[in-house]
Amino acid sequence: MQPLAINEQRLQRQIDELALITEAEPPVVMRVIFSEADMRGRAFVKNLCREAGLVLREDAVGNIFARWEGSDKNLPPVASGSHIDAIPNAGKYDGVVGVLGVIEAIRALQQAGFQPKRSIELIIFTSEEPTRFGIGCLGSRLFSGVLPVAKAAALKDRDGKTLDEWRKIGGCKGDLSSVLLPKDCYAAFVELHIEQGPILEAENIDIGVVEKIAAPSTLRVGLTGVGGHAGATLMPGRRDALLAGAEIALAVERAATTTGSPDTVGTTGVFRIEPGAVNSVPCRAWLEIDLRDTLVKTRDGALEKIERAVPEICKRRGVEFQMERVNVDAPAICDAALVQTVVEVCGELKLPVKKMISRAYHDTLFMAQVCPTTMIFIPCFKGYSHRPDEYSSPEQIKNGVTVLAHTLAKLAE
Ligand code: GLV
Ligand code: MN
Ligand code: MN
């Protein structure tokens, strides 16, 4: 094989172009799954796949597969991919680098005359972000069977629109049960992603290789108090849903900061109230709480603390509550041999590499239940992510794509 020529200008152009397909005013990126912008983004990426000669297929939940056929169709393919859906107020690199980067890696391998023995498959996962349905990694959860089909079918967005209704809008065909992947249907899965943390940049290291992904969980709390006139309802005996929610959010912070582990993180990222009028006591509130740790035991301890705090706060404030565990996931342990393969590739390319833990979750969390996995991280500016000033340089992205291309080549030959 000739040396690989990664075209970083072409890739950067594609990243910039995709970033303009957004529900928000650029530079803010927002593509909630199956929104009009997301559908245009999906079409944009599918078109690039066709241009690269990849064979496209979509499953019943809208996961997109783009395959470069290998010479031996009996061998399980090697897979790589990520997501292009983006949360409100997002940047342009989260997920996107691991999708467009795969297409660029494949094009460079094709140009170098590489002939894969195993097929190489790009997967663009549906709803890695939890924005629409409140649960992350929808596509890969269904792949792995971690999310039962009945539970997925019951998912609704804030307006009560069901997953099935959204699947229709997204043009998905077939039964949700067909999304499940047989174990070891892939030889390996390697996801390229920006680090979303500050370590690689601070230590001036080009590549991270992921050994473990921290365990995420999500709680949803609904609160019903008693509303009324802000002037005429005197303070004693008020049953303010917002104030109960505020105390719960503080309990989340307390639970996350008192585990004794610096790895526990707790966030109340959604807090909505009704009626939302300045002169009206809030009668309803909804909270969505994100709690994670690298250690399940510590995470679960903090989760239980929050779950004990909610009834205590609500009882004291005369507010009714509903509480639901949306997801309580195990961490993922990556495959030691795959990690070693990435380390060796970095050695051959003379790129400094560091083994690391991913604190963010990724579809790799669930692909790890299907086949051996790891992730390739590249540095990003100050570790910023989930914000519009998220940034990795063309050179940093090129390094990641180069490592990915060589890794895929090793795994597919
Ligand atoms: C992924 O977007 C995460 O929240 O970790
Ligand atoms: Mn994200
Ligand atoms: Mn991501």
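In what follows, the accompanying structure is described.

Some words on the coordination of the manganese ion (ligand 3)
(1) Moving on: Within the first shell, the manganese ion (ligand 3) binds the protein through His83 (NE2), Asp94 (OD) and His193 (NE2), at distances of 2.0 to 2.2 Å.
(2) Moving on: The sequence motif formed by the donor residues of the manganese ion (ligand 3) is H-x10-D-x98-H.
(3) Moving on: Assessed through its relative accessible area of 8%, Asp94 is described here as buried.
(4) Moving on: Assessed through its relative accessible area of 1%, His193 is described here as buried.

Some points on unusual backbone geometry
(1) Moving on: Cis geometry marks the peptide bond from Pro26 to Pro27; its omega dihedral reads 10°.
(2) Moving on: The topology assignment puts Pro27 in the loop between α1 (8-19) and β1 (29-31).
(3) Moving on: For the bond running from Glu274 to Pro275, omega is 0°, close enough to zero to count as cis.
(4) Moving on: With respect to the secondary-structure elements, Pro275 resides in the loop between β11 (265-274) and β12 (280-281).
(5) Moving on: The phi angle at Asn204 is positive, at roughly 55°, despite the residue not being glycine.
(6) Moving on: Among the structural elements, Asn204 can be located in the loop between α7 (199-203) and β8 (207-213).

Concerning the pairing of strand β7 (residues 188-194)
Across a regular strand the side chains alternate sides, sitting on one face of the sheet and then on the other.
(1) Moving on: With seven of seven residues buried, β7 is to be regarded as a mostly interior element.
(2) Moving on: Along β7, one buried face is formed by Ala188, Val190, Leu192 and Ile194 and the opposite face, lined by Phe189, Glu191 and His193, is buried too.
(3) Moving on: Sheet analysis places strand β4 (residues 78-82) next to β7, joined by three bridges and oriented parallel. Each residue of the ladder has a partner; that of Val78, found in β7, is Ala188.
(4) Moving on: Direction of pairing for β7 relative to strand β17 (residues 373-378): parallel, over a ladder of six bridges.

Some words on the packing of helix α10 (residues 336-349) against helix α12 (residues 394-412)
(1) Moving on: Where α10 contacts α12, the axes come no closer than 9 Å and their chain directions differ by 120°. The angle between the axes of α10 and α12 places the two elements in the oblique class. The handedness of the crossing between α10 and α12 comes out as right-handed. Note on element contacts: α12 touches α10 through Thr402, Val403, His406, Thr407, Lys410 and Leu411, opposite Leu338, Thr341, Val342, Val345, Cys346, Glu348 and Leu349.
(2) Moving on: Across the contact of α10 with α12, the residue classes break down as seven nonpolar, four polar and two charged.

Focus: the nonpolar core
Nonpolar side chains tend toward joint burial in soluble globular proteins.
(1) Moving on: Formed by 71 residues in total, the largest nonpolar core has its most connected members in Val45 and Leu100.
(2) Moving on: When residues no more than four places from it in sequence are discounted, the contact partners of Val45 are Leu18, Ile84, Val99, Leu100, Ile103 and Ile124.
(3) Moving on: Ile135, Leu147, Ala152 and Tyr186 belong to the second largest nonpolar core, which has 28 residues in total.

Some details on the coordination of the manganese ion (ligand 2)
(1) Moving on: Within the protein, the manganese ion (ligand 2) binds to Asp94 (OD), Glu129 (OE) and His386 (NE2); these donor distances fall in the range 2.0 to 2.1 Å.
(2) Moving on: Counting along the primary sequence, the residues that act as donors to the manganese ion (ligand 2) give the motif D-x34-E-x256-H.
(3) Moving on: On the basis of relative accessible area, Glu129 is assigned to the buried category, the value being 4%.
(4) Moving on: What makes His386 partly exposed here is its relative accessible area of 37%.

Cut-offs used in this document
Residues numbered from 1 in each chain as written. Chains lettered and ligands numbered in written order. Predicted model: local features only at pLDDT ≥ 70, side-chain atom pairs only at ≥ 80, totals over all residues. Heavy atoms only, no water. Donors = N, O, S within 2.8 Å, 3.2 Å for Na, K, Ca; no water. Buried < 20%, exposed > 50% of the residue type's maximum accessible area, 1.4 Å probe, protein only. Helix = DSSP H or I, 4+ residues; strand = E, 2+ residues; numbered from the N terminus. Pairing = 2+ DSSP bridges. Axes fitted to C-alpha atoms, helices over the stretch in contact; angles between N-to-C directions. Parallel < 35°, antiparallel > 145°, perpendicular 65-115°, else oblique. Left-handed = near helix turned anticlockwise from the far one by under 90°. Contact = heavy atoms within 4.5 Å. Nonpolar A, V, L, I, M, F, W, Y, C, P; charged D, E, K, R; others polar. Core = buried A, V, L, I, M, F, W, Y, C linked by side-chain atoms within 4.5 Å.

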